[in-house]
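Architecture at a glance
Now for the letters of each chain:
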Amino acid sequence: MKRKISAKLLAWKNKTSGRMPLLIYGARQVGKTYIINEFGKEHYESVAYFNLETNNTVSSYFSENIEPERILMFLETQAQMQIIPGETLIIFDEIQTCERALTSLKYFNELAPEYHIIGAGSLLGVAINREKFSFPVGNVDSITLYPLDFEEFLWALGEDRLCCDIRSSFELSEALPHGLHEKALEYYRQYLITGGMPMAIRTFCETGSFLTVPDVQSKIINDYISDMAKYASNSESVKIRAAFDSIPVQLAKDNKKFQYKLAMKGGTANLFGTAIDWLLFAGTVLKCERISQGTMPLSAYRDLSGFKLYMGDVGLLMLKSGISQQSILSAGIAETPFLGAVAENYVAQSLVCNGYSIFYWTSEGIAELDFVIQKDNDIIGIEVKSGTRTKSKSLNLFVTKYKPTYCIRISSKNFGFENNIKAVPLYAVFCL
């Protein structure tokens, strides 16, 4: 499956100066191992792949001297190939399981920058935020891989032309022909079921059926839960799972601010702070912070006591919430309350994938705007509706108070632009 990260990897490879070892972050099962191996096969003469979690021989070798020359000689004997600068891609998978391998990247950058090295790991974010890790600050580049966004989903289905039509309508703010609009909405509903996990999408593409998709998603969630038990203390893993399991309940509320008491009776910020950080570093959830003002820079107006948590993948949210596939595929269900929360999760996922820090705005308990983002010098308010009813008191208040250049309303309606509000269909969020 074609992924947008491939262009970033190629840009990294082609740097004429200043290229450093690359770390790829991302939740379990988002396709890190597959994409870096495929990238290596396509753009290098050879690939030297080492899984540091399963290959104890290689992992233990880092426990001693981590001078690059010594490490490279050993890796050549293990891979049974000559490692040639610029022609061989070295991959350290699950690098977070070997602290010294992560530290060695500093010395590769300083002493042997001509070698191309990529490190990846499902819990890399969790590992490097432990105090014992010596992270090679300033000596590595980094990229985060997210689940497939909706455009990548369309690519997997062979709908490249539809993607081009959507992007064209977005740029011009002109309505997509009705037939294509309805077709794109149907694909959007399908994406809510599969989500963006590569294996779930591949299963759907290969079978043409949604029936086995939940089996794939259940395995992914079980892997997440296993990680919680394996890589956290017993007491902490209980809180991590409680916070994770509470997300559908949190999003079902009118006020979607995360409430600790819904995760566990007597829950407090002190009890759950570390648990939520763990979920964020593992890439399994997304955090949307509350702001008190819609002015630049947004990060300066964060209210640290208020935030929303979304699932890192909307398909996994659908599975955990227990909504039937028939209900999702039925256009008539679009106006039900929880589908509004699902649409929000989908938009949050899309915005983060496009590199935005996400915030939401509240005003004295009378208004709550779903998202506010900063794009260059513009502050953009975003209202999300799952259906076609688009009246929004909160968006109007935000516009009146801060007079932004323009705002965005996301819904099932077609493209348009009126009163400085850009109407964007749900299927076109990847264009933002």
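See the structure printed just above.
If you're wondering where the values come from, they're calculated on a predicted model, not measured in any experiment.

When helices and strands are counted, the protein chain shows 19 helices and 13 strands. Its C-alpha atoms give the protein chain a radius of gyration of 23 Å, within 12% of the compact-globule value 22 Å for 432 residues. Dimensions of the protein chain, computed from the C-alpha atoms along their principal axes, are close to 65 × 50 × 45 Å. For the protein chain, buried positions account for 55% of its 432 residues. Put simply, of all contacts in the protein chain between residues at least 6 apart along the chain, 70% involve residues at least 24 apart. When the accessible surface of the protein chain is totalled, it reaches about 18,700 Å², and 49% of it is carbon and sulfur.

The subject of this paragraph is the pairing of strand β5 (residues 141-144). On β5, burial follows the alternation: Asp-141 and Ile-143 on one face are buried, whereas Ser-142 and Thr-144 on the facing-out side are not. Sheet analysis places strand β1 (residues 22-25) next to β5, joined by four bridges and oriented parallel. Within β5, the residue paired with Leu-23 across the bridge is Ser-142.

As a further point, take the sheet that holds strand β13 (residues 421-425). Taken in spatial order, the eight strands line up as β7-β6-β8-β9-β10-β11-β13-β12 in an open sheet, and their pairing is mixed. The open sheet has two edge strands with one neighbour each: β7 (302-311) and β12 (416-418). Across the sheet, the mean angle from the axis of one strand to that of its neighbour is 30 degrees, orientation sign disregarded. Direction of pairing for strand β6 (residues 285-291) relative to strand β8 (residues 359-363): parallel, over a ladder of three bridges. Within the sheet, the bridge partner assigned to Arg-290 lies in β8 and is Tyr-360.

Spatially, five strands are ordered β2-β3-β4-β1-β5 in an open sheet, and the strand pairing comes out parallel. Two strands in the sheet have a free side with no partner beyond their single neighbour: β2 (46-51) and β5. Adjacent strand axes in the sheet meet at a mean angle of 20 degrees, parallel and antiparallel pairs treated alike. Of the strand pairs in this sheet, strand β3 (residues 88-93) and strand β4 (residues 116-120) are connected by five bridges, and their pairing is parallel. Bridge pairing links Ile-90 to Ile-117 in β4. Contacts between helix α1 (residues 5-13) and the sheet are confined to β1, β3, β4 and β5, with β4 contributing the most and set at about 145 degrees to the helix. Of the strands in this sheet, β2 and β3 are in contact with helix α4 (residues 68-79), which crosses β2 at around 95 degrees.

Looking only at helix α10 (residues 198-207), the buried set comprises Pro-198, Ala-200, Ile-201, Thr-203 and Phe-204. Where α10 is buried, its residues touch α7 (150-156), α9 (178-194) and α11 (213-230). Just downstream of α10, Gly-208 is the residue with a positive phi angle, here 70 degrees.

This paragraph deals with the pattern of salt bridges. Using the criterion set out here, one finds 23 salt bridges in the structure. As a salt-bridge pair, Asp-227 and Arg-28 come within 2.7 Å of each other at their nearest N and O atoms. Of this pair, Asp-227 sits in helix α11 while Arg-28 sits in the loop between β1 and α2 (32-43), and the two are 199 residues apart along the sequence. The pair Asp-227 / Arg-28 is uniform in exposure class, with both members buried. Between Lys-41 and Glu-38 there is a salt bridge whose closest N-O contact spans 3.6 Å. One end of the pair, Lys-41, and the other, Glu-38, are both in helix α2, three residues apart, so they sit about a helical turn from each other.

Calculation criteria
Residues numbered from 1 in each chain as written. Predicted model: local features only at pLDDT ≥ 70, side-chain atom pairs only at ≥ 80, totals over all residues. Heavy atoms only, no water. Helix = DSSP H or I, 4+ residues; strand = E, 2+ residues; numbered from the N terminus. Rg over C-alpha atoms; globule rule 2.2 N^0.38 Å. Buried < 20%, exposed > 50% of the residue type's maximum accessible area, 1.4 Å probe, protein only. Contact = heavy atoms within 4.5 Å. Areas by Shrake-Rupley, 256 points an atom, 1.4 Å probe, with all protein chains shown as cover. Pairing = 2+ DSSP bridges. Axes fitted to C-alpha atoms, helices over the stretch in contact; angles between N-to-C directions. Salt bridge = Lys/Arg side-chain N within 4 Å of Asp/Glu carboxyl O.

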